[in-house]
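Structural features, examined
One-letter residues, chain by chain:
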Amino acid sequence: MAAAEPVWSSSPVQLVAFDGKGPHGPRLALQDTAKKQLLKTVGNCPVQVVCVCGLYRTGKSLLLNILAGTQGESFKVGSSTRACTAGMWALPSEPTGPGQKVCLLIDCEGSGSTEKDRDHDARLFALAVLISSTLLFNSRGVITETAVQNLALAASLAEHIFRQNRESAPEMTVSPQFTWVLRDFALALEDPTGREITAKEYLEQALRSNLGSNVSDAREKILSLFPQRDCVTLPRPVNDEEQLENLAAIPLTDMRPKFQTEVQVLRTRVRQSPVLKTPAGGPATVGALLALIDSYLKAINEGGVPELGSAWSHVEFQECDRALDEAMTFFSNKMSAVSASLPKTTADLERCVQEGKLGARERFHELCMGSDKTRNEYAQELDHNMEDTVNRLVKQNDNLASQQNEDWLRSRWEVDQLLREYRIKFDAGQITKEDCDKAHRLLNAHVTEISAAFRREAVGSDAVIEVALRQCEQKLASAQKEIGSWRQMQSESVDDRPEDDQERKRPEKKKEQGKERSNQKGMNFGQNEETEESRAGKQPRCCTLQ
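Residues numbered from 1 in each chain as written. Predicted model: local features only at pLDDT ≥ 70, side-chain atom pairs only at ≥ 80, totals over all residues. Heavy atoms only, no water.

1. Concerning the overall build of the protein
To keep things clear, this is the line we draw: Strands here are runs of E lasting at least two residues and helices are runs of H or I lasting at least four, both read from the DSSP assignment and numbered beginning at the N terminus. Burial here depends on accessible area, computed with a 1.4 Å probe over protein chains only, as a share of the maximum for the residue type. Under 20% is buried, over 50% is exposed, and the range in between is partly exposed. Methods summary: accessible areas were calculated by the Shrake-Rupley approach with a probe of 1.4 Å, and residue burial reflects only the protein chains presented.
When helices and strands are counted, the protein shows 17 helices and 8 strands. Counting over 546 residues, the protein shows a buried share of 46%. Accessible area of the protein: about 27,400 Å², with a carbon and sulfur share of 48%.

What follows is the structure, given as structure tokens:
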């Protein structure tokens, strides 16, 4: 299946700039603005890195605009003899979906400018080689000895870095795919015998000629540094000399058909560019690329040779830190939304927590990189942090659930209304056995109904619900005791004892009952709660009358 055509619609940002002279030469710096913007927009996407390098004033920026289909709108194009691009500028394609790869086009400042020295050029080219998955070297005309020497000179530091790392970290010295783009190419592609050859064969003949001579060192450097090589030849885009000075304003469709054909070949090459790989072989994200650039620049600025193994170790820890932060941000946002809808039942809360943990772990594993040991250590830290958040959420849920359960029971507890009629009769000395039995049945029916409804609608953990049920039982026991006292008084009123003695004791009993009812009315849900020690070992009980 053919790869989808990348789409570029944003503006390039300066990725790397020189920020002054250091003790070991010009200092290169990763730009914070570019870092923040790229992390925000495509930081978690696997990345194809396509760098365009070459001599200054050879049309690199124009070539990039043509590749991106953004002529005159993206990379700055000049018409003077002064170098137009400073440092490195990057333009990401739009991701086609979450986690989908992006193509990062990088315009590298041209080498050979009279305003810069060779060390300046070598550092930029070395960085381009270290971070690219595909490197396009742009030059005009045919491959001459001068062109070969210019490429070898620019590649000298990069070749030295790779040679130093081949023994210590051979799996990390993976050179980019190299394509030499020959602009304004007018020769017929033929060998000395007149046989038609491909552009790739032409490149191989040019690089392998004169091997063993006094000029072979440059060729050997290029062959060693770029084992995967190819070549694309582009004819002059237009025939009119005046139009050549204003190519940025001419649509590709108005250029020569042969030029358009070769541009499509080059676009296909870019589209099929491999994704940047980690040492473990997995895809590297834009975030990992930025950390890698930062690590390389520190070594280059200090005048040393970047150790590729150490650089990737730095990237692994930095990306795992970022993966942990993003996973916890995802989980915290999910739990904040859950917190706003509390209280919940234990089952509902557990379901929300598990969904949040699943999403956070997926987010973490998408971004983290490195050895299994490193990944597992960060994964354990993620689990620990999530558990701390869950514990706080459970405590909040229990507190809110307790209050809601108490409010629910308080609003539906109608014992005072049910017993009011019988209390009046008792105070008047008119309570009967039938009245006591009826009050008992009404109380039993009401509490049974309340208990069943509460168990359906109560929220919070089992422990929280049990506390509310115990409070309900306390109030039930008080109501039962009151009805029991009525029975006792009613029974005493029919005993065969002197009437004056009964009349003398009845006011004392009524006074005690009145005080008891007063105490019952003052007992609300949430009061007289048992201590943790008194609750220990008790089994949940249902609020029903015996």
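2. A short note on the packing of aromatic side chains
Threshold: Pairing of aromatic rings covers Phe, Tyr and Trp, the last through its six-membered ring, and needs centres within 6.5 Å; plane angles under 30 degrees mean stacked, over 60 mean edge-to-face, and all others mean tilted.
Counted under the stated rule, the structure contains 6 aromatic pairs. Taking 4.4 Å as the distance between ring centres and 20° as the angle between the ring planes, the aromatic pair formed by F178 and F226 counts as stacked. Note that F178 is positioned in strand β7 (residues 177-183) and F226 in the loop between α6 (216-225) and β8 (229-233), a separation of 48 residues in sequence. On the basis of an interplanar angle of 65° and a centroid distance of 5.6 Å, the ring pair of F185 and Y202 is categorised as edge-to-face.

3. Things to note about empty space enclosed by the protein
To find leftover empty space, one rolls a probe the size of a water molecule over the atoms. This is how the line gets drawn: A 1.4 Å probe that fits but cannot get out identifies a cavity on a 1 Å grid over protein atoms alone, an open set with protein on both sides within 12 Å along at least five of seven lines counts as a pocket, and a residue lines either if it has an atom within 4 Å of a point. Grid points are joined across faces, edges and corners, and a volume is the space filled by probe spheres set on the points. Residues are grouped as follows: Ala, Val, Leu, Ile, Met, Phe, Trp, Tyr, Cys and Pro are nonpolar; Asp, Glu, Lys and Arg are charged; every other residue, Gly included, is polar.
Summed over the entire model, instances satisfying the criterion amount to 3 cavities of 30 Å³ or more. One number sums up the size of the largest cavity: a volume of about 60 Å³. Lining the largest cavity are C53, G54, C108, E109, S111, D121, L124, F125 and A154. Secondary structure elements with two or more residues in the lining of the largest cavity: β3 (47-54) and α3 (118-131). Per-element tally for the lining of the largest cavity: the top contributor is α3, with 3 residues. Classifying every residue of the lining of the largest cavity by side-chain character gives 5 nonpolar, 2 polar and 2 charged.

4. What to know about the nonpolar core
Rules: For this analysis, a nonpolar core means a set of buried residues of the types Ala, Val, Leu, Ile, Met, Phe, Trp, Tyr and Cys, connected via side-chain atoms within 4.5 Å. Here, two residues are considered to be in contact whenever any of their heavy atoms come within 4.5 Å of each other.
One finds L15, M88, F125, I131 and W180 to be the most contacted residues of the largest nonpolar core, which totals 70 residues. In contact with F125, not counting residues within four places along its chain, are C53, L135, F137, L151, A154, A155 and F226. Membership of the second largest hydrophobic core comes to 26 residues, among which are I66, L91, L234 and L247.

In short, geometric facts, not functional conclusions.
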